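Results of the structural survey
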Amino acid sequence: MTPLFIGVDGGLSGAIAALDGETLRLYDIPSKIRRVNRKDKSEVDQDLLLALLACEIVGVPDVRVLIEAGVGDRRQSSAASYNYGFTNGTVWMAVRSLTSNAERIYPTVWKRHFLLIGKDKSASRRKADRLFPGRHLFDLEGDHNKAEAALIAVYAKQVKEKP
């Protein structure tokens, strides 16, 4: 059976990429709207997230999951930082409930591998486009999260295959 590599670019606007062989499946982090104090708030849909990950992971003996570790951004509000951390923690627990073969990876590690340090989000889209040519998966500006999840999955595959 082909190994499965999953890359996760965290946060509510993040994405999940599942790579087995040459097949790449992309998902947005599932979210839902909840009404709090007469305001609509987005939050991760925990049930849908777990179901999505279970469909990918359960029954696959050789799986490796890399989840991008969040790094602080002093320009973010404390509420935004909390929401980002909560979403990443939810993703982490969903993955860990399905497999023990999961790791956090800092952005500088996988970005250095692809020579993307100091580059903007569109550079990630262009790199992912070159790795998956002709598929038009990352054409929109908002596809940078999917592109980064795909690059994390490719990184997991390339690093595992090194002797």
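Quick look at the structure, then. If you're wondering where the values come from, they're calculated on a predicted model, not measured in any experiment. (Residues numbered from 1 in each chain as written. Predicted model: local features only at pLDDT ≥ 70, side-chain atom pairs only at ≥ 80, totals over all residues. Heavy atoms only, no water.)

We now examine the overall build of the protein. The number of helices and strands found in the protein is 5 helices and 7 strands. What you see in the protein, going N to C, is helices and strands ordered as β-β-β-β-β-α-β-α-β-α-α-α. Its C-alpha radius of gyration of 16 Å places the protein within 12% of the 15 Å reference for a compact globule of 163 residues. Each principal axis of the C-alpha atoms in the protein carries an extent, and together these give about 55 × 35 × 25 Å. Of all 163 residues assigned to the protein, the portion counted as buried reaches 40%. Here the analysis covers contacts within the protein between residues at least 6 apart in sequence; of these, 59% occur between residues at least 24 apart. (Helix = DSSP H or I, 4+ residues; strand = E, 2+ residues; numbered from the N terminus. Rg over C-alpha atoms; globule rule 2.2 N^0.38 Å. Buried < 20%, exposed > 50% of the residue type's maximum accessible area, 1.4 Å probe, protein only. Contact = heavy atoms within 4.5 Å.)

On the surface, V71, Y106 and V109 cluster together to form a nonpolar patch covering roughly 260 Å² of accessible area. Within the secondary structure, V109 is located in helix α3 (residues 107-113). What makes V109 partly exposed here is its relative accessible area of 33%. (Patch = residues over 30% accessible without salt bridge, like charges linked within 9 Å, V, L, I, M, F, W, Y side chains within 5 Å. Areas by Shrake-Rupley, 256 points an atom, 1.4 Å probe, with all protein chains shown as cover. Salt bridge = Lys/Arg side-chain N within 4 Å of Asp/Glu carboxyl O.)

This paragraph deals with the packing of aromatic side chains. In the structure shown here, the tally under the stated rule is 1 aromatic pair. Here Y82 and F86 contribute two aromatic rings whose centre-to-centre distance is 6.1 Å and whose plane-to-plane angle is 25 degrees, an arrangement assigned as stacked. Of this pair, Y82 and F86 both sit in helix α2 (residues 78-96), separated by 4 residues, roughly a single helical turn. (Phe/Tyr/Trp six-rings, centres within 6.5 Å; stacked < 30°, edge-to-face > 60°.)

For the rest of this paragraph, the subject is the pattern of salt bridges. Scanning all chains against the criterion turns up 9 salt bridges. Two residues, E22 and K157, come together in a salt bridge whose shortest N-O distance is 3.7 Å. Here E22 is found in the loop between β2 (15-20) and β3 (23-28), whereas its partner K157 is found in helix α5 (residues 144-161), with 135 residues between them in sequence. The class of K157 is buried, set by a relative accessible area of 17%. Across the salt bridge formed by E56 and R25, the nearest N and O atoms sit 2.7 Å from each other.

Turning our eyes to something else, we now look at the packing of helix α1 (residues 46-57) against α2. Between α1 and α2, the least distance of the axes is 10 Å, while the angle of their chain directions is 40 degrees. As summarised for this structure, α1 and α2 are arranged oblique, according to the angle between their axes. By crossing handedness, the relation of α1 to α2 is classed as right-handed. Within the contact between the two elements, α1 uses Q46, L49, L50 and L53 and α2 uses F86, T90, V91, A94 and V95. Here the residues of the contact of α1 with α2 sort into 7 nonpolar, 2 polar and no charged. (Axes fitted to C-alpha atoms, helices over the stretch in contact; angles between N-to-C directions. Parallel < 35°, antiparallel > 145°, perpendicular 65-115°, else oblique. Left-handed = near helix turned anticlockwise from the far one by under 90°. Nonpolar A, V, L, I, M, F, W, Y, C, P; charged D, E, K, R; others polar.)

The subject of this paragraph is unusual backbone geometry. At N37, a position not held by glycine, the phi torsion is positive, near 50 degrees. Here N37 is to be found in the loop between β4 (31-36) and β5 (39-44). By relative accessible area, N37 is classed as exposed at 72%. In the Ramachandran plot, L115 falls in the positive-phi region, its phi being about 60 degrees despite a non-glycine side chain. Secondary-structure assignment places L115 in the loop between α3 and α4 (121-131).

What follows concerns the sheet that holds strand β6 (residues 63-68). The mixed open sheet is built from 5 strands, whose spatial order is β3-β2-β1-β6-β7. Two strands lie at the open edges of the sheet, namely β3 and β7 (102-105), each paired on one side alone. Going across the sheet, the axis of each strand differs from the next one's by a mean of 20 degrees, ignoring polarity. Pairing analysis gives 6 bridges linking strand β1 (residues 4-9) to β2, with the strands arranged antiparallel. Bridging from a neighbouring strand, L4 pairs with D20 of β2. In this fold α2 packs onto β1, β6 and β7, with an angle of close to 170 degrees to the strand it touches most, β6. (Pairing = 2+ DSSP bridges.)

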